Amino acid sequence: MNAKGSLRGLCGMLLVSLSACAFDYRASVLPVVDEVVVQAVPDAQAGFDHPVRLSEQDLTRILKKVRVQFTTHWLQRLLTGPIQPVPLLNELSLAKVVPLLTAAIGKAGAQERLVFYVAIRRGNDRRDVTTGSLFVKDRMLTIVLGNYQNRVDIIPGLPAYDRRHPEMAVAPQHFTLVFDLPEYVVAQDRGLVAQVFGADPPALRLDYTRFLRSALFVP
């Protein structure tokens, strides 16, 4: 075989090899599943009151009273009426996340806040995520919400950014946090929230010990 024929043969082998590689490539997607994660995140600038001893029953009582109030334009309110606040977490999600939160806050250091991530499957290619954080400072419990049942589409080949950055909103949402018993809500230290998060996300600050001691508590 001459040099020209050898070159043609080599090129043909390379093309076949490249074609095989191209057909073998598949973009993999992790299955969409319900998932609950709690983790301690270091925060060197803040001095929290951690660790804090909270029973699962007490934290459940607190979180059951926390609601998400979506804000609307005046025209929408005129057409549809006021939108009622909705629970931060449903019963099933509470049952999963509360044990993790109480265990984590009982071990957290003074420079660690707790971040939670709750994902609910909505099909084979999407999930709704609720994410946020909480910490205790000056004997007040602060709850910060980054996402509320925010839709995440699963795209082949892209990393799960909502899991990597749970405190970041995956899409714009407009809401505030409210408490069923407003007498236990303390004026926000917006400077502290901005210092901790570098932004001003929706947050709720509670006198949680007074709430738990209150004889007026109704389960």
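A brief look at the structure comes next. All residue numbers refer to positions counted from 1 along the written sequence of the respective chain. Selection of residues for local features in this predicted model requires a pLDDT of at least 70, selection of side-chain atom pairs for listing and counting requires 80 or more, and totals for whole chains, interfaces and linings are taken over all residues. Excluding hydrogens and water, the side-chain figures rest on all heavy atoms present in the structure.

Focus on the packing of helix α2 (residues 56–64) against helix α4 (residues 91–105)
Helix packing for two helices is described by the angle between their axes and how far apart those axes are.
At step 1: Working convention: axes come from line fits to C-alpha atoms, limited for helices to the stretch in contact. Angles between N-to-C directions cover 0 to 180 degrees. Here a helix means four or more residues in a row that DSSP labels H or I, a strand means two or more in a row labelled E, and each is numbered from the N terminus. The N-to-C vectors of α2 and α4 enclose an angle of 130°; their axes lie 9 Å apart at closest approach. What the angle tells us is that α2 and α4 run oblique. Helix-helix and strand crossings are classified by hand; for α2 and α4 the assignment is right-handed. For the pair formed by α2 and α4, the contact residues are E56, L59, T60, L63 and K64 on the first element and E91, L94, V98, P99, L101 and T102 on the second. Angles below 35 degrees are treated as roughly parallel, those above 145 as roughly antiparallel, those between 65 and 115 as roughly perpendicular, and all remaining angles as oblique. If you view the pair so one helix is near and one far, a crossing is left-handed when the near helix is turned anticlockwise from the far one by less than a right angle, and right-handed when it is turned clockwise. Should any heavy atoms of two residues lie within 4.5 Å, those residues are considered in contact.

Here we look at α4
At step 1: One less than the number of residues in a helix, times 1.5 Å, gives the span that helix is expected to have. End to end, α4 covers 21 Å across 15 residues, agreeing with the expected 21 Å (1.5 Å per residue, within 8%).
At step 2: The quantity called bend is, for any residue, the angle between two axes fitted respectively to the seven residues ending at it and the seven beginning at it. By the largest-angle criterion, V97 marks the main kink of α4, which is about 30°, and a proline, P99, follows within four residues.
At step 3: Every buried residue of α4 is listed here: S93, L94, V97, V98, L101, T102, A104 and I105.
At step 4: Of the surrounding elements, those touching the buried residues of α4 are β1 (35–42), α2, β4 (112–121) and β5 (126–137). Partly exposed describes any residue whose relative accessible area lies between the buried limit of under 20% and the exposed limit of over 50%, with all areas from a 1.4 Å probe on protein chains only and scaled to the type maximum.

So, the pattern of salt bridges
Close approach of charged atoms allows side chains with opposite charge to pair.
At step 1: By definition, a salt bridge exists where a carboxyl oxygen of Asp or Glu is found within 4 Å of a side-chain nitrogen of Lys or Arg. Counted by the stated rule, this structure contains eight salt bridges.
At step 2: Notably, a salt bridge pairs R113 with D43, separated by 3.0 Å at the nearest N-O pair. Of this pair, R113 sits in strand β4 while D43 sits in the loop between β1 and α2, and the two are 70 residues apart along the sequence.
At step 3: Judged by its relative accessible area of 8%, D43 is buried.
At step 4: Measuring nitrogen to oxygen at the nearest pair gives 3.0 Å for the salt bridge that ties D128 to R122.
At step 5: For D128, a relative accessible area of 9% translates into the label buried.
At step 6: The class for R122 is partly exposed, based on a relative accessible area of 40%.
At step 7: One connected set of salt bridges, linked through shared partners, spans R122, R126 and D128.

Re the pairing of strand β8 (residues 203–206)
At step 1: Along β8, one buried face is formed by A203 and R205 and the opposite face, lined by L204 and L206, is buried too.
At step 2: At least two DSSP bridges between two strands are needed for those strands to be called paired. As defined by bridge partners, strand β6 (residues 140–153) adjoins β8 across four bridges and the pair is classed as antiparallel. By the bridge assignment for β8, I143 is matched with L204.

Focus: the side chain of S214
At step 1: The residue S214 is located in the segment after α7 (208–213) in this model.
At step 2: The class for S214 is buried, based on a relative accessible area of 16%.
At step 3: Distance and chemistry together define a polar contact, namely a pair of N or O atoms within 3.5 Å, with one atom able to donate a hydrogen and the other to accept it when in protein, and with adjacent residues in sequence counting only for side-chain atoms on both sides. Within the structure, S214 has its side chain in polar contact with the side chain of Y184 (distance 2.7 Å).

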